[in-house]
Amino acid sequence: MQHSRRKFIKNTTAGSAALLLASLDAFSLTSKPNFTLHKNYELKIMATKWGDESKIDDFCAKVKKAGYDGIEEWWPDDKKQQNEIFAAVKKHNLDIGFVCGAWQSNAAEHLTMYKKLIDAAAKQNIQRPLYINNHSGRDYFSFDESKKFMEHTNALSKETGIPIYHETHRGRILFAAHITKEFIQKIPELRLTLDISHWCNVHESMLDNQKETVDLALERTDHIHARIGYEEGPQVNDPRAPEWEYAVKKHFEWWDKVVERKKKNGERMTFLTEFGPPMYMQTLPYTLQTVSDQWAINVHMLQLLRKRYS
């Protein structure tokens, strides 16, 4: 009896998963937008090492095998770690995008460390990054304190030719839609990494009441962190589950607008699949066992993005 019950559960789960994957595959293709395509359009999809505890060389081998174009990784303030990253991406013929950010509570001290890190990442001559993404400042810094980060990166991007973006991330300067709106309006050169899952969480909504602000942000977006958020959190437990269809479709609706502009203008579009580990990923109480497979979900997102936006 117990064996039969286990067999039933296993078969039911496998069948449900197959139907769901077929449904998602159909979503990526049948609803694929018919955008005007400029010949210079280019799609790059990056992998995150966040949550992966393997050596960087082993990770890059896995990333390459899965079909990613490169990795996005924090710029380390350590020469040995820098060399290991560059060696691994070169060995496996991968692109690199860096993340820079500091953690000091004092705005002036924070800015000093931030400049040190981003200047080093931008001016090294080992491998040119596709872009530099920024966890900029703190959410409680004033506008005048915060704009200094953007003024520095605008000048640095012009000096080096490297695209530099500021991420819409909780706890950082652009943590909320209405805050970001002011920076967009007052700093014309500001370019964004859009992780709109954070805003869904911050505003406890799918942002239908801030459409004008979201559209402004989409116009300034060059890089997207492809994670699905919802009203009560920055990450659904599994985007393949049918209960999250509304959130998945909403995020793709936003992303479609960015890709449409990129395809029309013949520009590079970069994505990072960024479903994270615990405690972003939900866990069971007491055991902290994860409810989903982080790597499998990110590869699923990679495949979905590739089919929809190539």
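As for the overall build of the protein
The helix and strand tally for the protein stands at ten helices and eight strands. Against the 2.2 N^0.38 benchmark of 19 Å for 310 residues, the protein shows a C-alpha radius of gyration of 20 Å, consistent with a compact globule. Counting only residues that meet the buried cut, the protein has 52% of its 310 residues in that class. Across the protein, the fraction of contacts at a sequence separation of at least 24, relative to all contacts at a separation of at least 6, is 77%. Here the protein displays about 15,100 Å² of accessible surface, and carbon together with sulfur accounts for 52% of that area.

Brief notes about the sheet that holds strand β8 (residues 268-273)
Taken in spatial order, the eight strands of this closed barrel run β1-β2-β3-β4-β5-β6-β7-β8, and their pairing is parallel. If you compare each strand with its neighbour and ignore which way they point, the axes differ by 30° on average. Examined bridge by bridge, strand β1 (residues 42-48) and β8 share six bridges and lie parallel to one another. Note that in β8 the partner of Met46 across the bridge is Leu272. In the packing of helix α9 (residues 245-265) onto the sheet, the strands contacted are β7 (221-226) and β8, and the crossing angle to β7 comes to about 140°.

A word on the nonpolar core
Of all hydrophobic cores here, the largest spans 77 residues; its most connected members are Ile71, Trp254, Trp255, Phe271 and Tyr309. Among residues more than four places away in sequence, those in contact with Tyr309 are Tyr41, Leu43, Phe252, Trp255, Asp256, Val259, Lys263 and Phe271. With five residues, the next largest nonpolar core counts Met46, Tyr131, Tyr165 and Leu272 among its residues.

A closer look at helix α2 (residues 56-66)
For α2, the full list of buried residues reads Ile56, Phe59, Cys60 and Val63. For α2, the buried positions fall inside an angular range of 100° around the axis, keeping them on one side. Once α2 finishes, Gly67 follows within two positions and takes phi at roughly 105°, a positive value.

With respect to the pattern of salt bridges
Pairs can form between side chains of opposite charge once their charged atoms are near each other. Across all of its chains, the model carries 25 salt bridges by this definition. Salt bridges sharing partners connect three or more residues here, namely Arg191, Asp222, Arg261, Lys262 and Glu267.

Things to note about the pairing of strand β3 (residues 95-101)
Burial within β3 is extensive, with seven of its seven residues counted as buried. Judged by which residues are buried, β3 turns out to be covered on both faces: Asp95, Gly97, Val99 and Gly101 on one side and Ile96, Phe98 and Cys100 on the other are all buried. As paired elements, strand β2 (residues 70-74) and β3 share five bridges and run parallel to each other. Within β3, the position partnered with Gly70 by the bridge is Asp95.

Considerations on the environment of Glu42
Along the chain, Glu42 falls in strand β1. On the accessibility criterion, Glu42 (30% relative accessible area) is partly exposed. Every residue in contact with Glu42, bar those within four places of it in the chain, is listed here: Glu267, Arg268 and Met269. Reaching out from Glu42, the side chain makes a polar contact with the side chain of Arg268 at a distance of 3.0 Å.

Some points on the state of the cysteines
Under the definition given, this model contains zero disulfides. With no disulfide of its own, Cys60 lies 18 Å from the sulfur of Cys100, the closest cysteine sulfur. Among the residues examined, Cys60 registers a relative accessible area of 0% and is labelled buried.

Regarding the packing of helix α4 (residues 107-123) against helix α5 (residues 143-160)
Where α4 meets α5, the closest approach of the two axes is 11 Å, and the angle between their N-to-C directions is 15°. Between α4 and α5, the angle is such that the two are roughly parallel. Note on packing geometry: the crossing formed by α4 with α5 is right-handed. When α4 is examined against α5, the residues Ala107, His110, Leu111, Tyr114, Lys115, Ile118, Asp119, Ala122 and Lys123 are found in contact with a partner set consisting of Glu145, Lys148, Phe149, His152, Thr153, Leu156, Glu159 and Thr160. A per-class count over the contact of α4 with α5 returns seven nonpolar, four polar and six charged.

Conventions and cut-offs
Every chain's residues receive numbers from 1 upward, in the order its sequence appears when written. A pLDDT threshold of at least 70 governs which residues receive local features in this predicted model, and a stricter bar of 80 or more applies before side-chain atom pairs are shown or counted, although totals over entire chains, interfaces and linings include all residues. As a convention, hydrogens and water are excluded, and side-chain values are obtained from all of the structure's heavy atoms. Runs of H or I in DSSP of at least four residues are treated as helices and runs of E of at least two as strands, each being numbered from the N terminus. In this description the radius of gyration comes from C-alpha coordinates, and the expected globular size is given by 2.2 Å times residues to the power 0.38. The buried label goes to any residue with under 20% of its type's maximum accessible area, the exposed label to any with over 50%, and the partly exposed label to all in between, with areas taken from a 1.4 Å probe on protein chains only. Throughout, a residue-residue contact means that at least one pair of heavy atoms, one from each residue, lies within 4.5 Å. Only the protein chains shown count as cover for residues, and all accessible areas are computed by the Shrake-Rupley method using a 1.4 Å probe. The pairing criterion for strands is at least two bridges between them, as found by DSSP. Fitting a line to C-alpha atoms yields each axis, with helices limited to the stretch in contact; the angle taken between N-to-C directions then spans 0 to 180 degrees. What is meant by a nonpolar core is a set of buried Ala, Val, Leu, Ile, Met, Phe, Trp, Tyr and Cys residues, joined one to another through side-chain atoms within 4.5 Å. The arc in question is traced by the directions running from the helix axis to the C-beta atoms. Each reported salt bridge corresponds to a side-chain nitrogen of Lys or Arg within 4 Å of a carboxyl oxygen of Asp or Glu. The definition of a polar contact used here is a pair of N or O atoms within 3.5 Å, where within protein one atom must be able to donate a hydrogen and the other to accept one, and adjacent residues in sequence count solely through side-chain atom pairs. Put simply, a disulfide is two cysteine sulfurs that come within 2.5 Å. To sort the angles, those under 35 degrees are grouped as roughly parallel, those over 145 as roughly antiparallel, those from 65 to 115 as roughly perpendicular, and the leftovers as oblique. Take the far helix as the reference: if the near one is turned anticlockwise from it by less than a right angle, the crossing is left-handed, and if turned clockwise, right-handed. Nonpolar residues are Ala, Val, Leu, Ile, Met, Phe, Trp, Tyr, Cys and Pro. Charged residues are Asp, Glu, Lys and Arg, and all others, Gly as well, are polar.

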